[in-house]
Amino acid sequence: MEKKNGHTMINSVSTDEILEKNGKKKKSCKDKLMRFLNRNMLVIMTVSGVLVGVGLGMMVRNMNLTRAQMTYFAFPGEMLLRMLKMIILPLVVCSLISGAASLDTRSLGKLGGIAVSYFLVTTLIASGIGVSLAFIIKPGVGAGALNTNNLGLESVNTNKETTDSFLDLARNLFPANLVAAAFRSHLSSSFHQPLP
């Protein structure tokens, strides 16, 4: 029997001996590496995706691709951006509704009511300013005139391939704005004419 700090210990055994008795050994480098990879897989994949994208962009920039090849190459990225734009509005609306539904007006009291009303009023003012400025400035009105032969740009080719039709179909599966897509029928971009 050993005495440590005023306590009697019977046959004190080190931790290494206990681990060896249970059949567990110290972790090897391979186990540590696998554990690190499991913990940080999202960060590793994100950084490697960025590096692969930069490398691929530098390679493709030096190639002489036709306009059709560039369109086909950019299609997956365009689809990703359209899907992200599509999900923003429902995500914001759902988070606002769930936040408002979880409010308990009794526990918040007068200060909570003032904060919620301030938030609602400032949001309405910001929305009103945005809509009124869009009507006043009319962004994108003159963009159709830029595609004329007077500017020396290449003329628009009206001959569309079958591949372009399928790409337009895939693009229209994921509208950039769900609300606008619900209220109007979206024609294919190759046949779409701007409204007067």
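Data block above holds the structure.
Each chain carries its own residue numbering, running from 1 in the written order of its sequence. A pLDDT threshold of at least 70 governs which residues receive local features in this predicted model, and a stricter bar of 80 or more applies before side-chain atom pairs are shown or counted, although totals over entire chains, interfaces and linings include all residues. Working from all heavy atoms in the structure, the side-chain values ignore hydrogens and water.

Asks: Where do I start with the pattern of salt bridges in this structure?
Replies: Here the idea is simple: oppositely charged side chains can pair when their charged atoms come close. The working definition used for a salt bridge is a side-chain nitrogen of Lys or Arg within 4 Å of a carboxyl oxygen of Asp or Glu. In this structure the tally under the stated criterion is 2 salt bridges. A salt bridge links E78 to R171; the nearest nitrogen and oxygen atoms lie 2.9 Å apart. Taken as a pair, E78 in helix α4 (residues 67-101) and R171 in helix α6 (residues 162-173) lie far apart in primary sequence, 93 residues in all. Exposure classes here rest on a 1.4 Å probe applied to the protein chains alone. A residue is buried below 20% of its type maximum, exposed above 50%, and partly exposed in between. On the basis of relative accessibility, which here comes to 28%, the residue E78 falls in the partly exposed class. Numbering of helices and strands runs from the N terminus; a helix is a DSSP stretch of H or I covering at least four residues, while a strand is a stretch of E covering at least two.

Asks: Explanation requested: α6 in the structure shown.
Replies: Every α-helix winds through 3.6 residues per turn, so residues three or four apart in the chain are directed the same way. Taking 1.5 Å of rise per residue, the 12 residues of α6 would be expected to cover 16 Å, and the 17 Å separating its terminal C-alpha atoms lies within 8% of that figure. When α6 is considered as a whole, its buried residues turn out to be L167, D168, A170 and R171. Buried residues of α6 fall within an arc of 160° about the axis and therefore sit on the same side. Away from the buried face of α6 by more than 90 degrees, exposed residues T162, F166, L169 and L173 are located. As for α6, its buried residues are in contact with α4. In this scheme, a helix's expected span is set at 1.5 Å multiplied by one less than its residue total. Here the arc refers to the directions that run from the helix axis out to each C-beta atom. Between two residues, a contact is recorded if the distance between any of their heavy atoms is within 4.5 Å.

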